Amino acid sequence: MLSLERRARKPSLLACLGGLLAAAAIGVSAWAAHGVADPHAQSLLDTASLYAFGHGAVLAALGPRADRSFGRLSLYLLLLGTLLFSGSLVAGAMLQWSTRLAPIGGGTLMAGWLLLAINALRR
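Structure report, in brief. (Residues numbered from 1 in each chain as written. Predicted model: local features only at pLDDT ≥ 70, side-chain atom pairs only at ≥ 80, totals over all residues. Heavy atoms only, no water.)

## Side note on the overall build of the protein chain
1) Next: A tally of regular secondary structure across the protein chain gives five helices and zero strands.
2) Next: Along the chain direction, N to C, the helices and strands of the protein chain fall in the order α-α-α-α-α.
3) Next: Its C-alpha atoms put the protein chain at 55 × 35 × 20 Å along the principal axes.
4) Next: Here the protein chain holds 123 residues, and 37% of them are scored as buried.
5) Next: Taking as baseline every contact in the protein chain between residues at least 6 positions apart, the subset at least 24 positions apart corresponds to 71%.
6) Next: Only carbon and sulfur atoms are counted for the fraction: they give 68% of the accessible area of the protein chain, which is about 7600 Å².
7) Next: Charge separation in the protein chain, taken as the distance between the mean sites of 10 positive and 4 negative side-chain charges, equals 15 Å. (Helix = DSSP H or I, 4+ residues; strand = E, 2+ residues; numbered from the N terminus. Buried < 20%, exposed > 50% of the residue type's maximum accessible area, 1.4 Å probe, protein only. Contact = heavy atoms within 4.5 Å. Areas by Shrake-Rupley, 256 points an atom, 1.4 Å probe, with all protein chains shown as cover. Lys, Arg positive; Asp, Glu negative; His and termini not counted. Charge placed at Lys NZ, Arg CZ, Asp CG, Glu CD.)

## Remarks on the packing of helix 2 (residues 13-35) against helix 4 (residues 69-95)
Angle between the axes and distance between the axes: these two values describe a pair of packed helices.
1) Next: In the contact formed by helix 2 and helix 4, the axes pass within 12 Å of each other and the chain directions differ by 20°. Put simply, helix 2 runs roughly parallel to helix 4. Of the two elements, helix 2 crosses helix 4, and the hand of that crossing is left-handed. The residues of helix 4 that touch helix 2, namely those facing L13, L14, L17, L21, V28 and W31, are R72, L75, Y76, L79, T82, L83, V90 and M94.
2) Next: Split by residue class, the contact of helix 2 with helix 4 holds twelve nonpolar, one polar and one charged. (Axes fitted to C-alpha atoms, helices over the stretch in contact; angles between N-to-C directions. Parallel < 35°, antiparallel > 145°, perpendicular 65-115°, else oblique. Left-handed = near helix turned anticlockwise from the far one by under 90°. Nonpolar A, V, L, I, M, F, W, Y, C, P; charged D, E, K, R; others polar.)

As structure tokens, this is what we get:
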């Protein structure tokens with residue numbers, strides 16, 4: 001019986017990526033606290049890990065339940081926005097790259113949240 005239930009559930013790529021994102025956020029946060037001396041770099045890494053962890057948790061929780069394409073689109077926008085926003089900040093702190101992708105990531109995050117809100121009303 002247990003194996004039938006397990007087969008009925010489909011794996012969730014969004015939930016898996018959300019879990020990986022949250023795990024990476026914990027690593028970035030620990031590194032910022034213990035391995036980075038520059039206060040500006042620490043601030044960038046702290047902000048990046050905060051956004052990555054929060055959005056990773058949302059993806060892990062909502063990913064398996066996103067059954068309609070509109071809902072999945074909103075979650076993929078959250079994933080893309082988080083990668084652009086947090087990735088830009090991490091690259092800025094670690095490699096001294098420009099953080100110019102952070103505003104694009106932030107806009108993508110806002111679009112994802114708006115679509116998620118609209119999807120909640122459509123149910």
